[in-house]
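# Structure at a glance
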Amino acid sequence: MRAVIQDRYGSAEVVRVGDLPEPVPADDEVLIRVRAASLNGSDRENLAGSPFYARLGGLRRPRHPVPGSDVAGVVAAAGSAVTAFAVGDEVFGELAGYRGGLAEYVATSPRLLARKPSGLSFLDAAAIPQAGCIAYRSTRGIEPGDRVLVNGAGGAGGALIVRLAKHLGAAVTAVDRGDKAEYLLQLGADDTIAFEHEDWADRRDRYDRVIDLVGHRSPFQVHQALRPGGQYLMVGGHARVLLAMFTTGWSIRKQGKRVKVLAVPQSRADLEAVTAAVVNGDATAAVDRTYSLEEAPAGFARLAAGDNLGKILIEIP
Ligand SMILES: NC(=O)c1ccc[n+]([C@@H]2O[C@H](COP(=O)([O-])OP(=O)(O)OC[C@H]3O[C@@H](n4cnc5c(N)ncnc54)[C@H](OP(=O)(O)O)[C@@H]3O)[C@@H](O)[C@H]2O)c1
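Definitions and cut-offs
- Residues numbered from 1 in each chain as written.
- Predicted model: local features only at pLDDT ≥ 70, side-chain atom pairs only at ≥ 80, totals over all residues.
- Heavy atoms only, no water.
- Helix = DSSP H or I, 4+ residues; strand = E, 2+ residues; numbered from the N terminus.
- Rg over C-alpha atoms; globule rule 2.2 N^0.38 Å.
- Buried < 20%, exposed > 50% of the residue type's maximum accessible area, 1.4 Å probe, protein only.
- Contact = heavy atoms within 4.5 Å.
- Areas by Shrake-Rupley, 256 points an atom, 1.4 Å probe, with all protein chains shown as cover.
- Lys, Arg positive; Asp, Glu negative; His and termini not counted.
- Charge placed at Lys NZ, Arg CZ, Asp CG, Glu CD.
- Near = heavy atom within 4 Å.
- Polar contact = N/O pair within 3.5 Å; in protein donor to acceptor, adjacent residues only side chain to side chain.
- Nonpolar A, V, L, I, M, F, W, Y, C, P; charged D, E, K, R; others polar.

### Structural notes on the overall build of the chain
- Across its full length, the chain holds 9 helices and 15 strands.
- A compact globule built from 317 residues would reach a C-alpha radius of gyration of about 20 Å, and the chain, at 19 Å, matches this within 12%.
- Reported as C-alpha extents along the three principal axes, the dimensions of the chain are approximately 55 × 40 × 35 Å.
- Burial statistics for the chain: of 317 residues in total, 53% are counted as buried.
- The long-range fraction of contacts in the chain, counting pairs at least 24 apart against all pairs at least 6 apart in sequence, stands at 69%.
- Surface exposure of the chain reaches about 13,300 Å², of which carbon and sulfur atoms provide 50%.
- Put simply, the chain has 37 plus and 37 minus side-chain charges, and the middle of one group is 6 Å from the middle of the other.

This is the structure we're talking about:
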């Protein structure tokens, strides 16, 4: 089968397209004929092998040569112990090991897969899983009128967060590179901050919730931007800060403010919930560009340069 291959960490040049044997599903796995996949910020991290958590499954080289965690496709075979899906079912989801999706076929546990709604194309469905589940968890509990800041809103996953927060009635400030401001306003943000020119954490007592996709400030810095009762959720960012959030974030309780790492579980129930919001029109992923499988290295180059506004999609007809 044709597959994207990344067998070492590095820049986008390490990504190529080649031939690999078709995977054989175990008794408890399904084989998916992949029709579409999407790239996330985590694929950029897995390409570089940085921050350190990107190497948890493979210290010196990726443990699986095929990148790609988010897929949509058709069940081509099912192991004897699989009861949830049958050959021909249209499915989508995030792969349990976060890799293997950028290929004509992938074998995976059906545990995290959901049935693709008939009204969604394979491309639309592939854009949802990781970004959608992050958006779903990070926006839960937002109330109408809340002031929400999304740091790193211009990348792969920010659009779903901004749009879900707006749907819940929040006033949203979106932070990213200055040249992404117009895009962020088009997503529905009320206000933007260019991180090169202003540090949002200097805005004191301002936000009911901060959702940080690229955390690099200490717990003590970020809590100052919260209003009483507000919460800061670190979704991604520097490993050093992640450790600080785990070790000291819990201790910040002044004025009911909470500072913590948001661990987003891989969950079929969350995927179904956020997909229902997409189908209802409450939120949509932003699509940057669509590439064929053979063009995937160009997609990785765009992702690695940070030029994507929203999701990069890979179509495998
Ligand atoms: N917590 C969990 O359980 C969990 C689960 C899955 C994934 N994640 C993590 O969640 C993150 C997902 O985000 P994503 O897919 O949307 O990532 P992304 O595509 O990399 O987007 C991040 C955005 O932030 C921008 N940015 C870079 N430096 C910034 C700064 N100093 N201030 C503000 N914005 C800045 C980037 O711009 P440039 O492109 O120009 O750099 C980019 O637009 C990843 O780190 C991933 O590992 C967490």
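### Some remarks on the site of the ligand
- Close contacts around the ligand come from 27 residues, with Glu45, Asp176, Arg177, Leu262 and Val264 the closest.
- Here an oxygen atom of the ligand and a backbone polar atom of alanine 156 are 2.8 Å apart.
- The contact in question runs from an oxygen atom of the ligand to an N or O atom on the side chain of aspartate 176, over 2.7 Å.
- In isolation the ligand exposes 950 Å². Once the protein is present, 85% of that is buried.
- Breaking the shell around the ligand down by element, the ones donating at least two residues are helix 1 (41–48) and helix 3 (129–139).
- Examining the composition of the shell around the ligand, we find that 3 residues originate from one element, helix 1, more than from any other.
- For the shell around the ligand, a count of residues per class yields 10 nonpolar, 12 polar and 5 charged.

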